[in-house]
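# Topology and contacts: notes
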Amino acid sequence: KQEVTQIPAALSVPEGENLVLNCSFTDSAIYNLQWFRQDPGKGLTSLLLIQSSQREQTSGRLNASLDKSSGRSTLYIAASQPGDSATYLCAVNPMDSNYQLIWGAGTKLIIKP
Amino acid sequence: DAGITQSPRHKVTETGTPVTLRCHQTENHRYMYWYRQDPGHGLRLIHYSYGVKDTDKGEVSDGYSVSRSKTEDFLLTLESATSSQTSVYFCAISEGVQNTEAFFGQGTRLTVV
């Protein structure tokens, strides 16, 4: 059974730092992996989608990598800002999922001004 | 942002009453999903739809039913609400299954008293 783990559960860093969020999964048979952002009391915003054949995707200050063989993905945030404070979730789309995304528990990120 | 509207956004209801949540999309995406999000459990799939009148169960479907009579609308019904169904409910859509992004609505906070 596919399991997704996000470490750390919470992270607090000063503004301006570059940081890395981690996502690991147990079964490499996936179609893709998606990173989301969730602000308190709000919905989920899709940040980046990485297909299984891709190694990385970039959007602005965000860069997500995927190493399917080792079951790992990282989300790199450059020059962090207080507005980046949110919970970041990763989800994998397993090949045997029957339409079900498998979710990590999230990393709560706080950027201190 | 993807055109997904959930209604109502907040609802308080009494145990034993029926409740219907609505998800409306303007993207003409084929797939629609209902998730619930609870502390300690993350996001869990309740039901999904792969076309008009085509639905199937997810991980936590007991006590819930769904209907999709039009491409744009996906309804989630709690036949007889229980306190364990107090949660935040999210609707999501996607064009396909294998290689497409999932987009989420803003959520419905349901409290069963």
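Quick look at the structure, then. Keep in mind that this is a model prediction, so the values were computed, not measured. (Residues numbered from 1 in each chain as written. Chains lettered and ligands numbered in written order. Predicted model: local features only at pLDDT ≥ 70, side-chain atom pairs only at ≥ 80, totals over all residues. Heavy atoms only, no water.)

### A word on the state of the cysteines
Two cysteines, two sulfur atoms, one covalent bond between them: this is a disulfide. Residues and elements named next belong to chain A. Taken as a whole, this structure holds 2 disulfides over all chains when the rule is applied. A sulfur-sulfur distance of 2.0 Å marks the disulfide that ties Cys23 to Cys90. Residues Cys23 and Cys90 are joined by a disulfide whose S-S torsion is about 80°; by sign, that bridge is right-handed. With Cys23 in strand β3 (residues 19-25) and Cys90 in strand β9 (residues 86-94), the pair connects residues that are 67 residues apart, well separated along the chain. According to the relative accessible area criterion, Cys23 is buried, its value standing at 2%. (Disulfide = S-S within 2.5 Å. Helix = DSSP H or I, 4+ residues; strand = E, 2+ residues; numbered from the N terminus. Buried < 20%, exposed > 50% of the residue type's maximum accessible area, 1.4 Å probe, protein only.)

### Examining the interface of chain B and chain A
With 23 residues of chain B in contact, the opposing surface of chain A contributes 19 residues. Summed over the three residues of chain B that lose the most area to chain A, namely Leu43, Gln98 and Phe104 of chain B, the buried surface amounts to 24% of that side. In this structure, the connection of chain B to chain A is made through 0 salt bridges. Where chain B packs against chain A, one counts 3 residue pairs in polar contact (both at pLDDT 80 or more). Where the side of chain B that touches chain A is concerned, the elements lending two or more residues are β4 (31-38), β5 (42-51) and β10 (103-104) of chain B. (Contact = heavy atoms within 4.5 Å. Buried area = accessible area lost by both parts, 1.4 Å probe. Salt bridge = Lys/Arg side-chain N within 4 Å of Asp/Glu carboxyl O. Polar contact = N/O pair within 3.5 Å; in protein donor to acceptor, adjacent residues only side chain to side chain.)

### As for the nonpolar core
Leu33, Trp35, Leu75 and Tyr88 of chain A are the most contacted members of the largest nonpolar core, which has 24 residues in total. Listing elements by their share of this core, those giving two or more residues are β3, β4 (30-38), β5 (44-51), β7 (62-67), β8 (72-77), β9 and β11 (107-112) of chain A. Within the second largest apolar cluster, 19 residues are counted, among which are Val19, Leu21, Cys23 and Val66 of chain B. (Core = buried A, V, L, I, M, F, W, Y, C linked by side-chain atoms within 4.5 Å.)

### What about the layout of surface pockets?
In this model, the largest pocket occupies a volume close to 580 Å³. For the lining of the largest pocket, the secondary structure elements donating two or more residues are β9 and β11 of chain A together with β4, β5, β9 (87-94) and β11 (108-112) of chain B. Class assignment of the residues belonging to the lining of the largest pocket gives a composition of 11 nonpolar, 13 polar and 6 charged. Looking at the second largest pocket, its volume works out to about 430 Å³. Forming the walls of the second largest pocket are 20 residues, and the residues nearest its centre are Lys1, Gln2, Ile102 and Trp103 of chain A together with Glu59 of chain B. Counting residues per element, the ones that place at least two in the lining of the second largest pocket are β10 (102-103) of chain A together with β5 of chain B. (1 Å grid on protein atoms, 1.4 Å probe; cavity = no way out; pocket = protein on both sides within 12 Å on 5 of 7 lines; lining within 4 Å. Points joined across faces, edges and corners; volume = space filled by probe spheres on them. Nonpolar A, V, L, I, M, F, W, Y, C, P; charged D, E, K, R; others polar.)

### Thoughts on the packing of aromatic side chains
Under the counting rule described, the total for this entry stands at 8 aromatic pairs over all chains. Residues Phe36 of chain A and Phe104 of chain B carry aromatic rings whose centres are separated by 5.4 Å and whose planes lie at 85° to one another, so their mutual orientation is edge-to-face. One end of the pair, Phe36 of chain A, is in strand β4; the other, Phe104 of chain B, is in strand β10, on a second chain. A single burial state applies to Phe36 of chain A and to Phe104 of chain B, both of which are buried. Each member of the aromatic cluster is reached from another via a ring pair, and the members are Phe36 and Trp103 of chain A together with Tyr33, Tyr35 and Phe104 of chain B. (Phe/Tyr/Trp six-rings, centres within 6.5 Å; stacked < 30°, edge-to-face > 60°.)

### Thoughts on the pairing of strand β6 (residues 54-57) of chain B
All names here are of chain B. Judged from the 4 bridges that link them, β5 and β6 form a sheet pairing that is antiparallel. Bridge pairing links Gly51 to Asp54 in β6. The antiparallel hairpin formed by β5 and β6 contains 2 residues in its connecting segment, where Lys53 sits at a positive phi of about 70°. (Pairing = 2+ DSSP bridges.)

### Structural notes on the side chain of Asp73 of chain B
Residues and elements named next belong to chain B. In this fold, Asp73 is placed in strand β8 (residues 73-78). Among the residues examined, Asp73 registers a relative accessible area of 7% and is labelled buried. A polar contact is formed between the side chain of Asp73 and the side chain of Arg22, at a distance of 3.1 Å. Looking at Asp73, its side chain comes within polar contact range of the side chain of His24, at 2.7 Å. Sequence-distant contacts of Asp73, defined by excluding residues within four places in its chain, comprise Arg22, Cys23, His24, Met32, Ser67 and Arg68.

### Description of the sheet that holds β8 of chain B
Residues and elements named next belong to chain B. Within the open sheet, the 4 strands sit side by side as β1-β3-β8-β7. Their pairing is antiparallel. Each edge of the sheet is formed by a strand with only one pairing partner; in this case those strands are β1 (4-7) and β7 (64-70). For this sheet, the mean inter-axis angle between neighbouring strands, taken without regard to orientation, is 20°. The pairing of β7 with β8 spans 5 bridges and is antiparallel. Residue pairing across strands places Ser67 opposite Leu75, the latter belonging to β8. (Axes fitted to C-alpha atoms, helices over the stretch in contact; angles between N-to-C directions.)

Geometric descriptors of this kind do not, in isolation, establish any biological role.
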